[in-house]
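Structural description and commentary
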Amino acid sequence: MLHLLKQPLAAAMPTRRTFLKVSAGTVGGLVLAMNLPRSTASAAEGEFIQPFVHIRPDNTVVVLSKHFDMGQGTASGLSSLVADELDASWEQVSVEFAPSNPQVYANSLFGVQGTGGSTAMANSFMQYRQAGAAAKAMIVAAAAKEWGVPAGEITVSGGVVSHGADKTATLGELAGLAANQDVPAEPTLKTPDQWVYIGKSFPRLDVKNKTVGAPRTYTMDFQRDDLLVAVVARSPRFGGKVKSFDATEAKKVPGVVNVLQIPNGVAVIAKSTWPAINGRSLLEIEWDDTEAETRSSDAMIAELKDMTTKPGVKVREDGDVDAALEASAKVIEADYDFPFLAHGAMEPLDIAMMFDGETAEFWFASQIPTIDHNVAATVLGIPFEKVKINTLWAGGSFGRRAQADAHPVVEITTLAKAMQAAGMAPAPVKIVWTREDDMAGGYYRPMSAHRLRVGLDDEGNVTAFKYNIAAKSIVKGTPFEAMLMKDGVDHNMTEGAHDTTYAFPLMNMDQSFQETKVPVLWWRSVGHTHTAYVMETMIDRLAREAGKDPVAYRLEMIKDDPRKVGVLKLAAEKAGWDTPLPEGRHRGVAVHKSFGSFVAEVAEVSFRDDGTVKVEKVTAAVDCGTPINPDNIRAQVEGGIGYGLGAILRNQVTLADGVVEETNFDTYEPIRMSDMSEIEVHIVPSNEAPTGIGEPGTPPIGPAVANAIAAAKGEWSTSLPLAKSGLV
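Computed from a predicted model, the values in this text were never measured in an experiment.

**Description of the overall build of the chain**
Check the secondary structure of the chain and you find 19 helices and 29 strands. Relative to its length of 728 residues, the chain is compact, with a C-alpha radius of gyration of 27 Å against a globular reference of 27 Å. Projected onto its principal axes, the C-alpha positions of the chain cover 80 × 70 × 50 Å. Summarising the internal contacts of the chain: among those between residues at least 6 apart in sequence, 76% fall at separations of at least 24. When the accessible surface of the chain is split by element, carbon and sulfur atoms take 50% of a total near 28100 Å². Counting 68 positive and 90 negative side-chain charges, the chain places the centres of these two groups 2 Å from one another.

This is the structure we're talking about:
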């Protein structure tokens, strides 16, 4: 891969630029951003343009979302912050994705423009409120000057600016005048009791376009009259390379324009998608697997399990755990293993671009524009300023589009250069991944193995906790390594375990890194997706050893973590934890903190006549700080539960001699309606700063279900998915 992708993330940014870092609550940071040269858009007459807010003469308020929206509601959430402080009418608000410009639109938690880790609201809550408040102040100042009245006597409500009953104007009518006002140094923000949208449920802005299939909503739907479509034949084994190929038959397919070799395979270019796919099926390719991964899953998991029996990189070391275990009255041992998981987004990967030899324009769902932008410029050999990225909506991601190596950009830019070298006239081209391409293309949640040894005294109290984990690192060897790995530790792997708030007197944790050509990536809730399962099923087991109720045991062990206590008590209360269940039903509980948010879930299960499990009901309680849109919060928790439930029931990606076996939804089954449970979501009222909600609903569902099964059968599944145990 490119030398660029081996450098620290900072080195992957454009030169001669100072990057703006805006921390939550920093008014000065906002003002700096708003006073930058207005290069993000060209102002028409009568238009108000600032980096985060555009007010047009037609009275439309356009909010520029610096965060990518893949279905989690971010764009609507950010828009509501602006609308609230601006006192706009929700009906006049629309949203567009911000252009790639890390000077203005950097995620302050990353240092680059990008979305992930459920950071959008945590990063931008104050920034977008301040943008709306500043715009309102400028509108009011313009009205005061135009009408010759004191600014303090002017009101704004529902997008209408008023002075008494005789002077009124819309935001659009005042936009041009407001653009000439000074940006306030410290715009006044509303107090919570004045909020109109924040904390209320309201319709998302993206629903209509997605429902009616509006043009250019998704990259898959992107069309131009002269658009070419390409599909790529990639090695069936990770790390394999093209040795030779014969495209004779492929080129005979009507509609096929050309067949070209690129660094990672052979691209078939056609006038539309079907002839490209048909042509690819007729290629004859000999692959060189000299450097490819050729092992099967069983061999890879065996290696991981062996790694957990040996010392690794020290993640946490409280003291001499081995001595404490030796002195314990009893030691509980448990080994867990988790498979590769695909992201399974509704829309497979796709990307479109136009390169004329000097400038390049892209249309795709770009989750980390700074990396995509720099990689494009580097591969094409053109200045950063000559690249334009148009970010489109994504039909899901779950981490799939958050690529550290920008591989879709690399693939399409190398194709563009190959087309140029082949003498083809400049034309827009779109690369489409089929479902099979995407599913078998890697970038999975890492396969992992976990080994626990927990010491107990005579009364069942924990004396020591030893935790070894092995997996391939998501960030090691990527541009994110310098930022996310310190002293050789990858906390993406251990989060949710090394930082547990359970009151263990002594805990040590080691990690080991597997080397494989199988590419791995963040998957919805990242490390929490497996550490929560391990920790919460072990906690249930420890509660049983101590002869205590699982909820009571947890409350005792997390008494110094009040927000976690709060969601656990609320979920238990709403689920009727202390009340009898109908015959044949069993309960399990789990509580976990991820991405700054606290979620507890109580699962109720039953068993069908064939012994398979049915999750009947899930009661969830969530504390994500100040709730922006309660309805969207509930939707995200519900979606997270469904996503996690599908994974623990039957999802896995396995390799046979290095070749992926599950390549579509017939073998990698998504959750079905018959699997889905009744879900109740209860939101804890809070004045804390908002935290993530796109991912935190996922980690607790697996252990809650496993603990409910154990309540019935007395055993915990330690090898996922549950289908391997005959429970599905």
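Having seen the structure, we can now continue with the description.
**Concerning helix H18 (residues 630-650)**
In this model H18 runs 31 Å from its N-terminal to its C-terminal C-alpha over 21 residues, within 8% of the 30 Å that 1.5 Å per residue would give. Counting buried positions over the 21 residues of H18 gives 16, a clear majority of the element.

**Observations concerning the packing of aromatic side chains**
For the structure shown, the criterion picks out 19 aromatic pairs. Here tyrosine 336 and tyrosine 533 contribute two aromatic rings whose centre-to-centre distance is 6.2 Å and whose plane-to-plane angle is 85°, an arrangement assigned as edge-to-face. One end of the pair, tyrosine 336, is in strand S14 (residues 330-338); the other, tyrosine 533, is in helix H15 (residues 528-545), with 197 residues separating them in the sequence. By relative accessible area, which is 3% here, tyrosine 336 ends up buried. Cation over ring: arginine 445 sits above tryptophan 523, and NZ or CZ is 5.6 Å from the ring centre.

**Describing the pattern of salt bridges**
Counted under the stated rule, the structure contains 44 salt bridges. A salt bridge links arginine 280 to aspartate 437, with the nearest nitrogen and oxygen atoms 3.0 Å apart. With a gap of 157 residues between them, arginine 280 in helix H7 (residues 273-281) and aspartate 437 in helix H12 (residues 435-440) connect regions that are remote in the sequence. The exposure class of aspartate 437 is buried, given its relative accessible area of 13%. With a shortest N-O distance of 3.1 Å, aspartate 335 and arginine 451 are connected by a salt bridge. Here the residue aspartate 335 occupies a position in strand S14, and arginine 451 occupies one in strand S19 (residues 448-456), the gap between them amounting to 116 residues. The exposure class assigned to aspartate 335 is partly exposed, which follows from its relative accessible area of 38%. Where salt bridges share partners, they join Asp84, Asp87, Lys136 and Lys190 into one cluster.

**What to know about the sheet that holds strand S20 (residues 462-471)**
Read across the open sheet, the 5 strands follow the order S13-S23-S20-S19-S14; overall the sheet is mixed. A single partner strand is all that each edge strand has here, and the edge strands are strand S13 (313-317) and S14. Adjacent strand axes in the sheet meet at a mean angle of 10°, parallel and antiparallel pairs treated alike. Two strands pair when backbone bridges link them, and S20 and strand S23 (residues 507-513) are joined in this way by 7 bridges, in the parallel orientation. Across the sheet, residue isoleucine 469 finds its bridge partner in S23, namely glutamine 511. Its contacts with the sheet put helix H8 (residues 297-307) on S14, S19, S20 and S23, and the angle it makes with S19 is roughly 30°.

**Some words on H8**
Every buried residue of H8 is listed here: Ser297, Met300, Ile301, Leu304 and Met307. Buried residues along H8 cover an arc of 115° about the axis, so they all sit on one side.

**Here we look at the pairing of strand S16 (residues 360-364)**
Of all 5 residues in S16, 4 are buried, a share of seventy percent or more. Pairing of strand S15 (residues 350-355) with S16 involves 4 bridges; the strand directions are antiparallel. Bridge assignment links methionine 354 to a residue of S16, and that residue is glutamate 361. Adjacent in sequence and paired antiparallel, S15 and S16 are bridged by 4 residues, among which glycine 357 carries a positive phi angle near 100°. The sheet contact formed by S16 and strand S17 (residues 387-391) spans 5 bridges and is parallel. Bridge pairing in S17 links alanine 360 to valine 387. For the crossover that starts at S16, traverses helix H10 (residues 369-380) and ends in the parallel S17, the hand is right-handed.

Conventions used here
- Residues numbered from 1 in each chain as written.
- Predicted model: local features only at pLDDT ≥ 70, side-chain atom pairs only at ≥ 80, totals over all residues.
- Heavy atoms only, no water.
- Helix = DSSP H or I, 4+ residues; strand = E, 2+ residues; numbered from the N terminus.
- Rg over C-alpha atoms; globule rule 2.2 N^0.38 Å.
- Contact = heavy atoms within 4.5 Å.
- Areas by Shrake-Rupley, 256 points an atom, 1.4 Å probe, with all protein chains shown as cover.
- Lys, Arg positive; Asp, Glu negative; His and termini not counted.
- Charge placed at Lys NZ, Arg CZ, Asp CG, Glu CD.
- Expected span 1.5 Å × (residues − 1).
- Buried < 20%, exposed > 50% of the residue type's maximum accessible area, 1.4 Å probe, protein only.
- Phe/Tyr/Trp six-rings, centres within 6.5 Å; stacked < 30°, edge-to-face > 60°.
- Lys NZ or Arg CZ within 6 Å of the ring centre and 35° of its normal.
- Salt bridge = Lys/Arg side-chain N within 4 Å of Asp/Glu carboxyl O.
- Pairing = 2+ DSSP bridges.
- Axes fitted to C-alpha atoms, helices over the stretch in contact; angles between N-to-C directions.
- Arc of directions from axis to C-beta.
- Right-handed = clockwise from strand over helix to strand, strands pointing away.

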